[in-house]
Amino acid sequence: MEKIWVLAEQSRGEPSSTALELLAAAGGHASVVEAVSWGEGVAQAAQVLGEHGASKVYDCRGLGSSLPGPRVGAAIASLVEAGGGPDCIFVGQTYDGRDVAGRVSARLDVPLLTNVVGLSSGDEGLVSEHAAFGGSKVVRARFTGAKPEVFVVRAKTFTAAATGGSAAEVVPVELPDTGATDGAKVVGRHEEEQEGPKLDEADVVVSGGRGLGAAENYALVEELAKLLKGAPGASRAIVDAGWVPYSHQVGQTGKTVKPSLYIACGISGATQHMVGMKGAKNIIAVNKDESAPIFSIADLGIVGDVHKVLPKLIDAIRARS
Amino acid sequence: MCPKLSFLPRVGQVPCISGTIRDMNVAVCVKQIPDPAGELSLDPSTHNLVREGKLVLDDSDSYGVEMALQLVESAGGGDVTLVSMAPNGETSGLRTALAMGATAAVLISDAALAGSDALGTARVLAAAIRRFQPDLVLAATESTDGYTGTTPVQLAELLGWPSVTFAKHVELGEGLVKVRRQTEAGYDEVECPLPAVVTVTAGVVEPRYPSFKGIMAARSKPLDELTIADLGIDPSQLGAAGARQEVVSVEDAAARQSGEIVVDEGDAHERVVAFLERIKVL
Ligand SMILES: Cc1cc2nc3c(=O)[nH]c(=O)nc-3n(C[C@H](O)[C@H](O)[C@H](O)COP(=O)(O)OP(=O)(O)OC[C@H]3O[C@@H](n4cnc5c(N)ncnc54)[C@H](O)[C@@H]3O)c2cc1C
Ligand SMILES: Nc1ncnc2c1ncn2[C@@H]1O[C@H](COP(=O)(O)O)[C@@H](O)[C@H]1O
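Once a new chain begins, its residue numbering starts again from 1 and follows that chain's sequence as written. The naming scheme follows written order: chains are lettered A onward, ligands numbered 1 onward. Side-chain atom pairs in this predicted model are given and counted only at pLDDT of 80 or more, local residue features only at pLDDT of at least 70, and totals for whole chains, interfaces and linings cover all residues. Side-chain numbers here rest on the full set of heavy atoms in the structure, without hydrogens or water.

Working definition: residue near molecule or strand if any one of its non-hydrogen atoms lies within 4 Å of it. S235(A), V250(A), T253(A), S268(A) and Q272(A) are the nearest of the 26 residues found near ligand 1. Residues within reach of ligand 1 are spread across chains A and B. Counted as a polar contact is a pair of N or O atoms within 3.5 Å, where, for protein atoms, one must be capable of donating a hydrogen and the other of accepting one, and residues adjacent in sequence contribute only when both atoms are in side chains. Within the side chain of D305(A), an N or O atom sits 2.9 Å from a nitrogen atom of ligand 1. For every accessible area listed, the method is Shrake-Rupley and the probe measures 1.4 Å; residues are considered covered only by the protein chains on display. For ligand 1, the accessible surface in isolation is 990 Å², of which the surrounding protein chains cover 81%. If you list the elements that add at least two residues to the shell around ligand 1, you get α6 (236–240), α7 (271–274) and α8 (306–320) of chain A. Three categories are distinguished: nonpolar for Ala, Val, Leu, Ile, Met, Phe, Trp, Tyr, Cys and Pro, charged for Asp, Glu, Lys and Arg, and polar for the others, with Gly belonging to the last. Its residues placed into classes, the shell around ligand 1 shows five nonpolar, 16 polar and five charged. A helix here means a DSSP run of H or I that spans at least four residues, while a strand means a run of E at least two residues long, and both kinds are numbered starting from the N terminus.

See below:
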């Protein structure tokens, strides 16, 4: 394949981990890999993007108070329409990535394959992998002609790798008229304080589920995560119950995590949860029900009460330091 | 009183003033899906999800319905119109949402829709929504069975409207919606002029249970059934052919082996500590 574009999200000059993962994947399938990015700091991000295989980065620049979807989507569509577009576009399945992909799809009249968790080269182009039925089946799919082929890929599907390239050439992009589609404006940004590593980048993830019994017991999970320099996660049951924000959710409709260690506390192990964490190197589960499905994938399963096991575990670890 | 015009095809915005507040007409995209608690399967030849038999209202969309009911209430009047596309004429999910309090429903049903992808679905929803021009379209951030999460944005682009995804709070302003949009780090406050498409996350509002009265009333609420010919869409853009993608294979996922199971006798935490030491986390 000749050319793949990667939608590379970046913040303050630092490309997102997903952007680097997608560049690594693109490098395995195309001779030319280019990035499309936006926001302040793309010129700075070009260094790392280049080191990870991008020869060029199309710079949509700062968007002011606009949301990325309509603007970056329109920019990509007009670059493609002007000729020289890629065979494929890889987009991360993120808040903004989905918005951009949806806009590109409708503008260019090309279909999307979403929730991609693997890609391989087949006789007739790329074949994507998808986890179906809560991860119990692997479905492989491909496009049948429409170009460019847009794959929306879940984070942690690939491993980032530096290729030793030099900084990507920065190509400024003129943003086309977006009309009414660009009407939404950000009037305020709220960042919740975050201690420790990000959930999808953490080497240790400690997650809690409904077995914690009450919202205040989530503090046990946070405490253990902090002691292990990890990030706290959650099952959907307690996100939906309002105990923790959605950004903590692990699973099919939340984040995919691939830490060295995942500790599941009071989580039953529904397939939709396991699909988001079964790539962890080591799994420990604490659940009072010996027949909980989570035990089927745990390296160490503790049949016990989280309210008894977790405080003792926390004390034992604390006593060591 | 305001005439209930929203269900009739209308051109442009009808200025409709009741007191000082204009009526708010909200469309909610609701998907009817096979019961997620039941056995799901793929058709071995087409690889489409088997959608025979009874379909239910996607839980994810019950938040949009509840949100729409609350917004219309806060505006002091207006209609909540459901829009759903399904290949088999199914209405039971729509009846559930009507029983919650929605005013009317539009069902687009046609055999030619089987195998449609997100873009094809968006095309159909856009054509249906253009006929009654609501002020606001609500959808879920993603459906339970398809979970592409792109249909609403594709719909917005086809309508030429702005969109705000991942709303965790929505309120109305003067000619606009104010949305708290979930982000990686927290949330953004977004203001968006109407008409617009907004997708709501689960858990933002508490969907009401249909009352007995609601269930009875739902039986006689207007439910308009349209075909793709009614909407004037070229059938080649829809269904499996319009999707321009195909399933190559379906296999069982590799299973992960389980390890050691220990019943806590008061000292299980020591086993955990030993495990953490062995993998060098401690
Ligand atoms: C389309 C779809 C997408 C979904 N996406 C996700 C997703 O992304 N992420 C996700 O997590 N879920 C997802 N779900 C929901 C999933 O099916 C489960 O409902 C959910 O994961 C259950 O959460 P839980 O394990 O916390 O709760 P439960 O299933 O209620 O399990 C609680 C567990 O705690 C144990 N327990 C109770 N008390 C104690 C105690 N004192 N000590 C120890 N153990 C105790 C119980 O034995 C039980 O196993 C999705 C569902 C659908 C249909
Ligand atoms: N067939 C459909 N009928 C009505 N609304 C739909 C349909 N498909 C998707 N939607 C809407 O778009 C949302 C996201 O769906 P999806 O893109 O499948 O994840 C759903 O929750 C619905 O609000």
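This is not the end of the story, as more comes after the structure.
Moving on, we get to the nonpolar core. It is characteristic of soluble globular proteins that their nonpolar side chains tend to be buried jointly. All names here are of chain B. Counting 41 residues, the largest nonpolar core has V28, L82, L138, V170 and V198 as its most contacted members. Looking at this core, the element that brings in the most residues is helix α1 (residues 59–75), giving eight residues. Discounting chain neighbours no more than four positions away, the residues touching L138 are V26, A27, V28, C29, G64, M67, A68, L71 and V198. Put simply, buried Ala, Val, Leu, Ile, Met, Phe, Trp, Tyr and Cys residues joined by side-chain atoms within 4.5 Å make one nonpolar core. Accessible area is worked out with a 1.4 Å probe on protein chains only. A residue is then buried under 20% of its type maximum, exposed over 50%, and partly exposed in between. In what follows, a contact means two residues having at least one pair of non-hydrogen atoms within 4.5 Å.

This next bit is on the pairing of strand β6 (residues 88–92) of chain A. All names here are of chain A. β6 sits mainly inside the fold: five of its five residues count as buried. Neither face of β6 is open: one carries C88, F90 and G92, the other I89 and V91, and all of them are buried. At least two bridges found by DSSP between two strands is the condition for calling them paired. Direction of pairing for strand β1 (residues 3–7) relative to β6: parallel, over a ladder of three bridges. When the sheet's bridge partners are listed, I4 is paired in β6 with C88. Two elements, β6 and strand β10 (residues 149–153), share five bridges in a ladder whose sense is parallel.

Next up on the list: the sheet that holds strand β12 (residues 196–200) of chain B. Here we have 10 strands laid out as an open sheet, ordered β12(A)-β11(B)-β10(B)-β9(B)-β12(B)-β8(B)-β3(B)-β6(B)-β7(B)-β13(B), and mixed in their pairing. Two strands in the sheet have a free side with no partner beyond their single neighbour: β12 (185–191) of chain A together with β13 (223–226) of chain B. Each strand of the sheet is rotated relative to its neighbour by a mean of 30°, with strand direction disregarded. The pairing of strand β8 (residues 136–140) of chain B with β12(B) spans five bridges and is classified as parallel. By the bridge assignment for β12(B), L138(B) is matched with V198(B). The axes are straight lines fitted to the C-alpha atoms, using for helices just the contacting stretch, and the angles between their N-to-C directions are given from 0 to 180°. The sheet contacts of α1(B) involve β3 (26–29), β6 (80–86), β8, β9 (163–173) and β12 of chain B, and relative to β8(B) the element is tilted by about 150°.

Counting residues at the interface gives 75 residues for chain B and 76 residues for chain A. Summed over both partners, the accessible surface that disappears when two parts come together, traced with a 1.4 Å probe, is what is meant by buried area. Interface area, chain B with chain A, both sides summed: about 6,900 Å², of which 55% is carbon and sulfur. Contact with chain A buries surface across chain B, with E157(B), R244(B) and R256(B) losing the most and accounting together for 12% of the total. Salt bridge, as applied in this entry: a Lys or Arg side-chain nitrogen positioned within 4 Å of an Asp or Glu carboxyl oxygen. Applying the counting criterion to the chain B and chain A interface returns 14 salt bridges.

Attention now goes to the site of ligand 2. Residues and elements named next belong to chain B. Residues in close proximity to ligand 2 total 19 residues, the closest being C29, S143, T148, G149 and T151. At 2.8 Å, a backbone N or O of C29 approaches an oxygen atom of ligand 2. Taking S143, its side chain carries an N or O atom lying 2.7 Å from an oxygen atom of ligand 2. For ligand 2, whose unbound accessible area comes to 480 Å², protein coverage reaches 97%. Looking at the shell around ligand 2, the elements with two or more residues in it are β6, α3 (118–130), β8 and α4 (151–159). The element best represented in the shell around ligand 2 is β6, accounting for three residues. Its residues assigned to classes, the shell around ligand 2 shows nine nonpolar, seven polar and three charged.

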